[in-house]
Amino acid sequence: MNLTRMMALMRARFREFYRDKASWSWNLAMPILIIAGFAFIFSGDSKDLFKVAVLQSDSKADIAFLKTDYIRFIRVTELQDAITRVQRHQVDMLLDLTATPRYWVNEYSANGYMLEKLFRESFTMAPLNVQREVVSGKDIRYVDWVMPGVLAMNMLFSCLWGVGWVVVRYRKNGVLRRLQATPLTAFEFLSAQVIARLIIVTVVTLMVFAGADLVVDFTMRGSYLALFLVFFSGAACFTSMGLLVATRLKTEEVADGLLSLMSWPMMIMSGVWFSMEGTHPVAQFISQLFPLTHLVDASRRIMIDGAGITGVAFEIGLLCSLTLLLLFVSSKLFRWS
Amino acid sequence: MSAILEAQNLVKSYPEVIAVDGIGFAVEAGSCYGLLGPNGAGKTTTMEMLEGVIQPDSGKILYQGKAVGVSFKHDIGIQFQSTSLLDYQTVIEALTMFAAMYEKTANLQELIELCHLQEFINRDTRKLSGGQRQRLLLAIALVNDPTLIFLDEPTTGLDPQSRRNFWHLIESIKLAGKTIILTTHYMEEAYRLCDYISIVDKGKIIIEGNPDALLKQHFAPTVIRLPQAAILNPVNLSEDIILLDGLYELFTDDVSASIARLESQGVGLDDCQISAPTLEDLFLKLTGHALRT
């Protein structure tokens, strides 16, 4: 072991790192942004023990229960959707104050049981003529809930790095220049990259889907065709995002950073690991700007709620439109070298 | 013979340097034209403008007498100075992929035999030696049976044996009637392969012509070189002997007479070298510095 040679190599490696100015921003800024992001998203009162959905008319009924501490009251507008959430244990109770006061609890929910007792206790002093409704539904396992997000996230990384990073590497090491010297056009090259990646991602996702199903037997209530269309449009969108990054960058380090900047906020704020419900309103708004959010929402509606193609047509249309826009911009910006 | 390719007053600048400063020349069909010069002279930038990879800031490039059109890329083959290929491809797969880029292709089997690729035809391209890789890249440059071939420093990094083997390949291509434009900083390579050369330095052509004709024009046919230590009393030397990089040089038409003269002056001849002048001597004479930096 020769320490002199090792030290020389280490010095060269340190120089490589600190002379790469772009790398500094990703190594320092990214962790800080992530921490700040989490702090922002969860910057609310986190002491609440129960969640109650409230369907309320414009008349402001003075109900003491609504002023109970440590209960998060979430205003909802769609009755059926809210009932479904009670069935899914996503809220512990639904309170309908629009006409005849009614409430729903899930007979399988321990939280619902306790909350009902609190609720009934609250109007022993101020009587309230309220109708009780009972629904039933088994709690959705976390793995069932998270599965669509994991598939979508896997697809996101595969598309972004599989196209974006690779094309940048091609540019850096001269592969693009060699191809440019042939009659191959930029459009042909880009199309080939997109189509190849779509096929790869589709096959891999199918394999992951089948493999995961064998292992965990997750819930799949909806249309396989709808799921395929949603995931395919999502993959096309992510691939075109990767292309956008690859249009002119010349180093993999900068590409890595940009792709991380695109993917990490989506991974955290698109509802992949936890619901964005109850997070800061601005965080929820930002979440809606991410294509991954729409892919996760749509696939979750298909797999857990049994939605069909018409139920996710909006998300498919949105993802396809974004794909076309990104492809158009990428084709205008692309340079071989 | 008419010019197949003509460059007229090409200029290309970058933020801190003018890489190509008014270069112009014509290449006759069926010839091998060399751009010779040190690193950073502007050879590769000139080549890339001719290939269409980069656009000149000003100047014209004419192919077969007309401005370069869509068909140009179908008619040319290029071997860049440094190129990576797609990963996880074998040699035959790489060749086949590039062949698919063109409407007209050469016979792949003949190409494989010409470039001696048989022994590693199924090997991963990442596992090729330097010489093998250059042969593959040459084959790729020939895959569309081009009329005009650009070779940018094709033997840089090769060992002497591989370099000479590569020269044989280029000579075979010449015999097939192809036109070749070659850049190199190896004067022996330019002398051996090129029918015409331009010597480039600092973005300009400083001289052009047939290599033999240029050497005859500027030098006597023979140069005698002596180590500095061989001459104990330099004061007595005649003016035609010059000291350069630790060697005394004497260009002469009559070797015997010059040897006799040196002996009579008491010069030790044990370590003398007698050779013909080279393009490097020419470059040194014209620019005042060595070709190899």
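Another aspect to go through is the overall build of chain A. Along chain A, the regular secondary structure elements total 12 helices and 5 strands. Put simply, chain A has 337 residues, and 44% of those count as buried. Roughly 17700 Å² of accessible area belongs to chain A as shown, and the carbon and sulfur atoms make up 64% of that amount.

We now examine the pattern of salt bridges. A full pass over the atoms with the stated rule returns 17 salt bridges over all chains. Between Arg301 of chain A and Glu315 of chain A there is a salt bridge whose closest N-O contact spans 3.0 Å. Of this pair, Arg301 of chain A sits in helix H11 (residues 291-303) while Glu315 of chain A sits in helix H12 (residues 313-333), placing them 14 residues apart in sequence. Judged by relative accessible area, which is 26%, Arg301 of chain A ranks as partly exposed. Among the ionic pairs, Glu153 of chain B bridges to Lys43 of chain B, the shortest N-O distance being 3.4 Å. Here the residue Glu153 of chain B occupies a position in the loop between strand E7 (148-152) and helix H6 (160-175), and Lys43 of chain B occupies one in helix H1 (residues 43-51), the gap between them amounting to 110 residues. A relative accessible area of 3% means that Lys43 of chain B is categorised as buried. Each of Arg225, Glu249 and Asp281 of chain B takes part in a single network of salt bridges with overlapping partners.

Across chain B, pLDDT averages 89, with 96% of residues at or above 70. As scored by the predictor, the complex reaches a pTM of 0.77 and an ipTM of 0.84.

With domains assigned, chain B is organised as domain 1 (3-215) and domain 2 (220-276). Just the C-alpha atoms count here: the centres of domain 1 of chain B and domain 2 of chain B sit 39 Å apart.

Right, let's talk about the packing of helix H5 (residues 142-173) of chain A against helix H8 (residues 224-246) of chain A for a bit. For any two helices packed against each other, one specifies the inter-axial angle together with the distance between the axes. Residues and elements named next belong to chain A. Where H5 contacts H8, the axes come no closer than 8 Å and their chain directions differ by 30°. As judged from the angle between their axes, H5 and H8 are roughly parallel. For the pair H5 and H8, the sense of crossing is right-handed. Where H5 approaches H8, its residues Pro148, Leu151, Ala152, Met155, Leu156, Cys159, Leu160, Val163, Gly164, Val167, Val168 and Arg171 are matched on the opposing element by Phe231, Gly234, Ala235, Phe238, Thr239, Met241, Gly242, Leu243, Val245 and Ala246.

Turning our attention to helix H5 (residues 130-142) of chain B. Taking 1.5 Å of rise per residue, 13 residues should cover 18 Å, and H5 of chain B covers 18 Å from first to last C-alpha, within 8% of that figure. Considered for burial, the residues of H5 of chain B that qualify are Gly131, Gln132, Gln134, Arg135, Leu136, Leu137, Leu138, Ala139, Ile140, Ala141 and Leu142 of chain B. Those residues of H5 of chain B that are buried lie in contact with helix H6 (175-180) of chain A together with strand E6 (76-79), helix H3 (91-99), helix H4 (108-114), E7 and H6 of chain B.

Okay, the sheet that holds strand E2 (residues 17-28) of chain B next. In any sheet, the strands associate via hydrogen bonds between backbone groups, in a parallel or an antiparallel arrangement. Residues and elements named next belong to chain B. In space, the 4 strands of this open sheet follow the order E2-E1-E4-E5, with antiparallel pairing throughout. Because the sheet does not close on itself, it has two edges, and the strands there are E2 and strand E5 (66-67). The sheet contact formed by strand E4 (residues 58-63) and E5 spans 2 bridges and is antiparallel. Within E5, the position partnered with Tyr63 by the bridge is Lys66. In the packing of H1 onto the sheet, the strands contacted are strand E1 (3-14), E2 and E4, and the crossing angle to E1 comes to about 120°.

Here the focus is the sheet that holds strand E5 (residues 131-135) of chain A. Residues and elements named next belong to chain A. Here we have 5 strands laid out as an open sheet, ordered E2-E1-E3-E4-E5, and mixed in their pairing. Lying at the two open borders of the sheet, with one neighbouring strand each, are strand E2 (71-76) and E5. Across the sheet, the mean angle separating the axes of adjacent strands is 25° when strand polarity is ignored. Sheet analysis places strand E4 (residues 102-106) next to E5, joined by 5 bridges and oriented parallel.

Here we take up the domain arrangement of chain A. All names here are of chain A. Per the domain assignment, the segments of chain A are domain 1 (50-135) and domain 2 (142-333). Each of domain 1 and domain 2 was reduced to a C-alpha centroid, and the two centroids are 38 Å apart. In this assembly, 8 residues from domain 1 lie in contact with 6 residues from domain 2. In total, domain 1 and domain 2 occlude about 440 Å² of area from one another, counting both sides; carbon and sulfur atoms represent 31% of this.

Residue-level contacts link 13 residues of chain A with 19 residues of chain B. Of the roughly 1500 Å² buried where chain A meets chain B, counting both sides, 58% is carbon and sulfur surface. Interface area lost by chain A to chain B is led by Arg177, Arg178 and Pro183 of chain A, which between them contribute 45%. Taken together, the connections running from chain A to chain B amount to 2 salt bridges. For Arg169 of chain A, the salt bridge is made with Asp87 of chain B, and the minimal N-O distance between the two is 2.9 Å. Where chain A meets chain B, there are 6 residue pairs in polar contact (both at pLDDT 80 or more). Only H5 and H6 of chain A provide two or more residues apiece to the side of chain A that touches chain B. Of the residues in the side of chain A that touches chain B, the class split is 6 nonpolar, 4 polar and 3 charged.

Thresholds applied
- Residues numbered from 1 in each chain as written.
- Chains lettered and ligands numbered in written order.
- Predicted model: local features only at pLDDT ≥ 70, side-chain atom pairs only at ≥ 80, totals over all residues.
- Heavy atoms only, no water.
- Helix = DSSP H or I, 4+ residues; strand = E, 2+ residues; numbered from the N terminus.
- Buried < 20%, exposed > 50% of the residue type's maximum accessible area, 1.4 Å probe, protein only.
- Areas by Shrake-Rupley, 256 points an atom, 1.4 Å probe, with all protein chains shown as cover.
- Salt bridge = Lys/Arg side-chain N within 4 Å of Asp/Glu carboxyl O.
- pLDDT = per-residue confidence, 0-100.
- Domains from an automatic or database assignment.
- Axes fitted to C-alpha atoms, helices over the stretch in contact; angles between N-to-C directions.
- Parallel < 35°, antiparallel > 145°, perpendicular 65-115°, else oblique.
- Left-handed = near helix turned anticlockwise from the far one by under 90°.
- Contact = heavy atoms within 4.5 Å.
- Expected span 1.5 Å × (residues − 1).
- Pairing = 2+ DSSP bridges.
- Buried area = accessible area lost by both parts, 1.4 Å probe.
- Polar contact = N/O pair within 3.5 Å; in protein donor to acceptor, adjacent residues only side chain to side chain.
- Nonpolar A, V, L, I, M, F, W, Y, C, P; charged D, E, K, R; others polar.

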